[in-house]
Amino acid sequence: MSANDIPRAVSRDRAGETPIAGQQQTGTYDSAFLRACRREPVPHTPVWFMRQAGRSLPEYRKVREGIAMLDSCMRPDLVTEITLQPVRRHGVDAAIYFSDIVVPLKAIGVDLDIKPGIGPVVENPIRTRADLDRLRALDPADVPYVTEAIGLLVRELGDTPLIGFAGAPFTLASYLVEGGPSRNHERTKALMYGDPQLWADLLDRLADITASFLKVQIDAGASAVQLFDSWVGALSPADYRRSVMPTSAKVFRAVEGLGVPRIHFGVGTGELLGLMGEAGADVVGVDWRVPMDEAARRVGPGKALQGNIDPAVLFAPREAVETKAREVLDAAAGLEGHIFNLGHGVLPSTDPEALTRLVEYVHTQTAR
């Protein structure tokens, strides 16, 4: 499939303009999504969904047919099309760059693959200090396809913001140490507790790689970035503060002056919400286990919040989905800034029409 085979969204207002690194273009800057990130008044509560570009869409399955996941992440034409699909279909207020958190690791030479039905699998897990030598610095030249794809997307999206993203050091470390997905993170925790200096050095190196990957996306034109710490909910607050938070904070500091909002999200992180905000995020993502008003109390003032309907709710009848959405909106009514999202990613067998209806419902119910 060539770029000419892929349908394009209609550009709005910014066709032909060159994005300025680290600066927002006027159209995206005034978007409901970025205004909510900055805790400013919005015309309606903005909506986007984690994993909105993915297996729930038949058009996604069609363009990905026969193409391995990592290969698809390295094709700018395909990345552009997949990223645009949910914007066209659902009318969401932001696009999220189609990629995977292990892409920067693959780009620096880590021997890994994404196995269907399993996830990232690392051929030679990192277990000793000598293994750190395999984690070299990430150079923008390692990921030229990212710069090209974001350039294409910025032109196509017009006033719709593009969210870049990366995996947080803890979650990347878990994949590298375990060799793949893990339910209990045994080897990860054993390393963290048993060799705290090696653990700190591993996460510090991953923080530099992650920060470089986010900078590439921002320099190419991303309007916001999200740091996914998917597995950090496996830790206690004390372990998070001591062994993880310093390197997550390092990532946020590295992109602090680049003019884009920074979002932080993890699953099962109800006990960590305050610390995750403290790490440096402008927006804290909340999963479905904690109501938005309680999340606001835990995070404290000065942060926008994102979330948080349970993805499984979308399998219920329309009336039930709207009832749960109303509960989220009511709980978030007093927040300075709220971005409506799921409490985690769109499940693969979700009916796309349920997502479209949910966007319409939130927009209608919150129109100012």
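Rules of the game
- Every chain's residues receive numbers from 1 upward, in the order its sequence appears when written.
- Thresholds applied to this predicted model are a pLDDT of at least 70 for local features of residues and 80 or more for the giving and counting of side-chain atom pairs; totals over whole chains, interfaces and linings are not thresholded and use all residues.
- Each side-chain value is derived from all of the structure's non-hydrogen atoms; neither hydrogens nor water enter the calculation.
- Secondary structure elements follow DSSP: runs of H or I of four or more residues count as helices, runs of E of two or more count as strands, with numbering from the N terminus.
- Computation of the radius of gyration draws on C-alpha atoms, with the globule rule given as 2.2 Å multiplied by the number of residues to the power 0.38.
- The buried label goes to any residue with under 20% of its type's maximum accessible area, the exposed label to any with over 50%, and the partly exposed label to all in between, with areas taken from a 1.4 Å probe on protein chains only.
- By definition, residues are in contact when any of their heavy atoms lie within 4.5 Å.
- Residue-level accessible areas treat just the shown protein chains as cover; the underlying method is Shrake-Rupley with a 1.4 Å probe.
- To get an axis, a line is fitted to the C-alpha atoms, and for a helix only the part in contact is used. The angle between two axes follows their N-to-C directions and goes from 0 to 180 degrees.
- With respect to orientation, any angle under 35 degrees is reported as roughly parallel, any angle over 145 as roughly antiparallel, any angle of 65 to 115 as roughly perpendicular, and every other angle as oblique.
- Gly counts as polar in this scheme, as do all residues outside two lists: the nonpolar Ala, Val, Leu, Ile, Met, Phe, Trp, Tyr, Cys and Pro, and the charged Asp, Glu, Lys and Arg.
- Nonpolar side chains (Val, Leu, Ile, Met, Phe, Trp, Tyr) within 5 Å and like charges within 9 Å form the patches, drawn only from residues with over 30% relative accessible area and no salt bridge.
- In what follows, salt bridge is the name for a side-chain nitrogen of Lys or Arg lying within 4 Å of a carboxyl oxygen of Asp or Glu.
- Counting rule applied: Lys, Arg positive; Asp, Glu negative; His and chain ends not counted.
- Here the site of a charge means NZ on Lys, CZ on Arg, CG on Asp, or CD on Glu.
- Put simply, a nonpolar core is a bunch of buried Ala, Val, Leu, Ile, Met, Phe, Trp, Tyr and Cys residues held in one set by side-chain atoms that sit within 4.5 Å of each other.
- By this definition, two strands are paired if DSSP reports at least two bridges between them.
- Confidence scores here are pLDDT values: one per residue, from the predictor, ranging 0 to 100.
- Here is the rule: rings of Phe, Tyr and Trp (six-membered ring for Trp) pair when centre to centre is within 6.5 Å. Planes less than 30 degrees apart are stacked, more than 60 are edge-to-face, and the remainder are tilted.
- Geometrically, a charge over a ring is one whose NZ (Lys) or CZ (Arg) sits within 6 Å of the ring centre while staying within 35 degrees of the ring normal.

So, the overall build of the protein chain
For the protein chain, the helix and strand inventory stands at 16 helices and 9 strands. For a compact globule of 368 residues, the expected C-alpha radius of gyration is about 21 Å, and the protein chain comes in at 19 Å, within 12% of that figure. Taken along its principal axes, the extent of the C-alpha atoms in the protein chain is 55 × 50 × 40 Å. For the protein chain, the proportion of its 368 residues judged to be buried stands at 58%. The contacts in the protein chain between residues at least 6 apart in sequence include a share of 73% that link residues at least 24 apart. About 14600 Å² of surface is accessible on the protein chain, with carbon and sulfur atoms providing 50% of the total.

What to know about the packing of helix H8 (residues 169-178) against helix H9 (residues 186-194)
Running from amino to carboxyl end, H8 crosses H9 at an angle of 110°, the nearest separation of the two axes being 8 Å. Of the possible angle classes, the one that applies to H8 and H9 is roughly perpendicular. On H9, the residues touching Phe170, Ser174, Val177 and Glu178 of H8 are Glu186, Arg187, Thr188 and Leu191. Taken together, the residues that form the contact of H8 with H9 break down as 3 nonpolar, 2 polar and 3 charged.

Notes on a negative patch on the surface
There is a patch of like negative charges on the surface, built from Asp71, Asp111, Asp113 and Glu123. For aspartate 111, a relative accessible area of 45% gives the class partly exposed.

Thoughts on the nonpolar core
In terms of nonpolar packing, the biggest core is built from 125 residues, with Phe33, Leu135, Leu202 and Leu358 touching the most fellow members. The greatest single-element share of this core, amounting to 12 residues, is contributed by helix H10 (residues 196-220). Filtering out sequence-adjacent residues up to four positions away, leucine 202 remains in contact with Ile126, Leu132, Leu135, Ala173, Val177 and Leu191.

As for the pattern of salt bridges
On inspection of all chains with the given rule, the structure shows 22 salt bridges. For glutamate 40, the salt bridge is made with arginine 35, and the minimal N-O distance between the two is 3.6 Å. Across the salt bridge formed by arginine 241 and glutamate 278, the nearest N and O atoms sit 3.4 Å from each other. In this pair, arginine 241 is assigned in helix H11 (residues 237-243) and glutamate 278 in helix H13 (residues 273-278), connecting sequence segments 37 residues apart. For arginine 241, a relative accessible area of 44% gives the class partly exposed.

Considering the pairing of strand E4 (residues 162-167)
Most of E4 sits inside the fold, with 6 of its 6 residues counted as buried. Neither face of E4 is exposed, since Leu162, Gly164 and Ala166 on one face and Ile163, Phe165 and Gly167 on the opposite face are all buried. Direction of pairing for strand E1 (residues 95-96) relative to E4: parallel, over a ladder of 2 bridges. Across the sheet, residue isoleucine 96 finds its bridge partner in E4, namely isoleucine 163.

Quick notes on the confidence of the model for the protein chain
When the pLDDT values of the protein chain are averaged, the result is 93; 93% of them are 70 or greater. Residue range residues 1-24 is modelled with pLDDT below 50. Its contacts to residues more than four positions away, or to other chains, number 50 contacts.

So, unusual backbone geometry
Between glycine 307 and the following residue, asparagine 308, the backbone shows a cis peptide bond with an omega angle of 0°. Its location among the elements puts asparagine 308 in the loop between strand E8 (304-306) and helix H15 (318-331). Even without being a glycine, arginine 39 presents a positive backbone phi close to 65°. As for its position among the elements, arginine 39 is in the loop between helix H2 (32-37) and helix H3 (58-64). The phi angle at arginine 51 is positive, at roughly 60°, despite the residue not being glycine.

Comments concerning the packing of aromatic side chains
Counted under the stated rule, the structure contains 5 aromatic pairs. With a centroid separation of 6.4 Å and 65° between ring planes, the pair formed by tyrosine 175 and tryptophan 231 is classed as edge-to-face. Of this pair, tyrosine 175 sits in helix H8 while tryptophan 231 is found in the loop between strand E5 (224-228) and H11, placing the two residues 56 residues apart along the sequence. Using a relative accessible area of 9% as the deciding quantity, one classes tyrosine 175 as buried. When its relative accessible area of 29% is taken as the criterion, tryptophan 231 is described as partly exposed. Here a set of aromatic residues connected by ring pairs shows up, and it is made of Phe165, Phe228 and Phe265. When the ring centre of tyrosine 29 is taken as reference, the NZ or CZ atom of arginine 38 above it lies at 3.7 Å. One residue, arginine 289, lies across the ring of tryptophan 288, its end atom 4.2 Å from the ring centre.

Structural notes on the packing of H9 against H10
Look at H9 against H10: their axes get within 5 Å of each other, and the N-to-C directions meet at 115°. Taken together, the axes of H9 and H10 are roughly perpendicular relative to one another. In this structure, H9 uses Thr188, Leu191, Met192, Tyr193 and Gly194 to contact H10, whose residues at the interface are Pro196, Leu198, Trp199 and Leu202. For the contact of H9 with H10, the per-class residue count stands at 7 nonpolar, 2 polar and no charged.

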